[in-house]
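One-letter residues, chain by chain:
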Amino acid sequence: WAYAKILETRQKTADAFDAYQVLMEDYPGQFPDYDRVLARQFEIAKETMVTRKAKFLMLPGFEAPERAIPLFEKIIQNGPRSPHAAEAQYLIGDAYEKSFQYELAVVAYIATLHRYPLSPYAEPAAFGRARALHLITRDYPNDDQARDEAWAGVMVFLRAYPDSKFAPEAKTMRDELLDQKA
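Residues numbered from 1 in each chain as written. Predicted model: local features only at pLDDT ≥ 70, side-chain atom pairs only at ≥ 80, totals over all residues. Heavy atoms only, no water.

**A look at the overall build of the chain**
On a plain count of helices and strands, the chain comes out with nine helices and two strands. When the backbone C-alpha atoms are referred to their principal axes, the chain occupies close to 60 × 45 × 25 Å. Looking at the chain as a whole, 45% of its 182 residues are labelled buried. Once local pairs closer than 6 in sequence are excluded, the contacts in the chain between residues at least 24 apart make up 50%. Surface summary for the chain: the accessible area is close to 10500 Å², and the carbon and sulfur share equals 55%. One finds the centroid of the 23 positive side-chain charges in the chain at a distance of 4 Å from the centroid of its 27 negative side-chain charges. (Helix = DSSP H or I, 4+ residues; strand = E, 2+ residues; numbered from the N terminus. Buried < 20%, exposed > 50% of the residue type's maximum accessible area, 1.4 Å probe, protein only. Contact = heavy atoms within 4.5 Å. Areas by Shrake-Rupley, 256 points an atom, 1.4 Å probe, with all protein chains shown as cover. Lys, Arg positive; Asp, Glu negative; His and termini not counted. Charge placed at Lys NZ, Arg CZ, Asp CG, Glu CD.)

**Re the packing of aromatic side chains**
Describing an aromatic ring pair means giving the distance of the ring centres and the angle of the ring planes. This structure, assessed with the given rule, holds eight aromatic pairs. With a centroid separation of 5.4 Å and 55 degrees between ring planes, the pair formed by F127 and F157 is classed as tilted. Here F157 lies in helix 8 (residues 144–160) and F127 lies in helix 7 (residues 122–139), a separation of 30 residues in the sequence. Measuring from centroid to centroid gives 5.5 Å for F157 and Y161, while their planes differ by 35 degrees, and the two rings are tilted. (Phe/Tyr/Trp six-rings, centres within 6.5 Å; stacked < 30°, edge-to-face > 60°.)

**Side note on the nonpolar core**
Considering soluble globular proteins, one finds that nonpolar side chains tend to be buried as a cluster. Of all hydrophobic cores here, the largest spans 53 residues; its most connected members are F72, I75, I92 and L158. What L158 contacts, discounting residues up to four positions off in sequence, is A167, A170, K171 and R174. (Core = buried A, V, L, I, M, F, W, Y, C linked by side-chain atoms within 4.5 Å.)

**Some thoughts on unusual backbone geometry**
Even without glycine at this site, Q11 takes up a positive phi of about 65 degrees. What makes Q11 exposed here is its relative accessible area of 66%. Backbone geometry at F100 places phi at a positive 65 degrees, although glycine is not the residue there. Residue position: F100 is located in the loop between helix 5 (85–98) and helix 6 (102–115).

**Let's talk about helix 3 (residues 34–50)**
Along its 17 residues, helix 3 runs 25 Å from first to last C-alpha, staying within 8% of the 24 Å computed at 1.5 Å per residue. Taken residue by residue, helix 3 has V37, L38, R40, Q41, F42, I44, A45, T48 and M49 as its buried positions. (Expected span 1.5 Å × (residues − 1).)

**Overview of the side chain of Q89**
Within the secondary structure, Q89 sits in helix 5. A relative accessible area of 5% places Q89 in the buried class. A polar side-chain atom of Q89 sits 3.3 Å from the main-chain carbonyl oxygen of A108. Sequence-distant contacts of Q89, that is, excluding residues within four places in its chain, are made with I76, A108, A111, T112, R115 and Y116. (Polar contact = N/O pair within 3.5 Å; in protein donor to acceptor, adjacent residues only side chain to side chain.)

**Description of the packing of helix 5 against helix 6**
Direction vectors running N to C along helix 5 and helix 6 enclose 165 degrees, while the axes themselves pass 7 Å from each other. Judged by the angle between their axes, helix 5 and helix 6 are roughly antiparallel. In this structure, the crossing between helix 5 and helix 6 has a hand that is left-handed. Residues A86, Q89, Y90, I92, G93, D94, Y96 and E97 of helix 5 pack against Y102, L104, A105, A108, Y109, A111, T112 and R115 of helix 6. When the residues that make up the contact of helix 5 with helix 6 are grouped by side-chain class, the tally is 10 nonpolar, three polar and three charged. (Axes fitted to C-alpha atoms, helices over the stretch in contact; angles between N-to-C directions. Parallel < 35°, antiparallel > 145°, perpendicular 65-115°, else oblique. Left-handed = near helix turned anticlockwise from the far one by under 90°. Nonpolar A, V, L, I, M, F, W, Y, C, P; charged D, E, K, R; others polar.)

**Side note on helix 8**
For helix 8, built from 17 residues, the straight-helix expectation of 24 Å at 1.5 Å per residue is met to within 8% by its first-to-last C-alpha distance of 24 Å. Its buried side turned inward, helix 8 meets helix 7 and helix 9 (167–181). For helix 8, the side-chain oxygen to backbone nitrogen distance between the N-cap and Q145 is 3.1 Å, and the N-cap itself is D143.

Honestly, that's just the spatial picture; any functional story needs more than this.
Listed below in structure tokens is the structure:
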């Protein structure tokens, strides 16, 4: 714990995450605050997702959210029923989507819906799934199966969450898909 905290003060968050992971794997039940360690790992993973890399001179660099995916997976493995697990699973889908890996995003969003159906991340995951399926149809405009799956994803979302804040965007996607089908 102390080693991980020292690494964090030195801005070596990836090494700190690994030190916390060693604590989780090699010394389970031998440290007092499991939830605190898991929460700290979760914060490091979220920071990793939005941290810009390759900053040169005055250029802002670029985000690489896919770097956080293995960290979120370890968090879910460490505490599948923890308060952070549902958000971590949702953020895996979000990271895949932001890195243009839409098929993997769909799988991660579906995992969120199946593992954590009552969590506050179920609704955004259902919308994320529909959005990722819709984006696949843009990449493959002549794929009828992709269009049908996107249509089903959007309609399932609209039926399950008709009053959602995402409903207007989902209706726009529905209308685009309907035009494509016509």
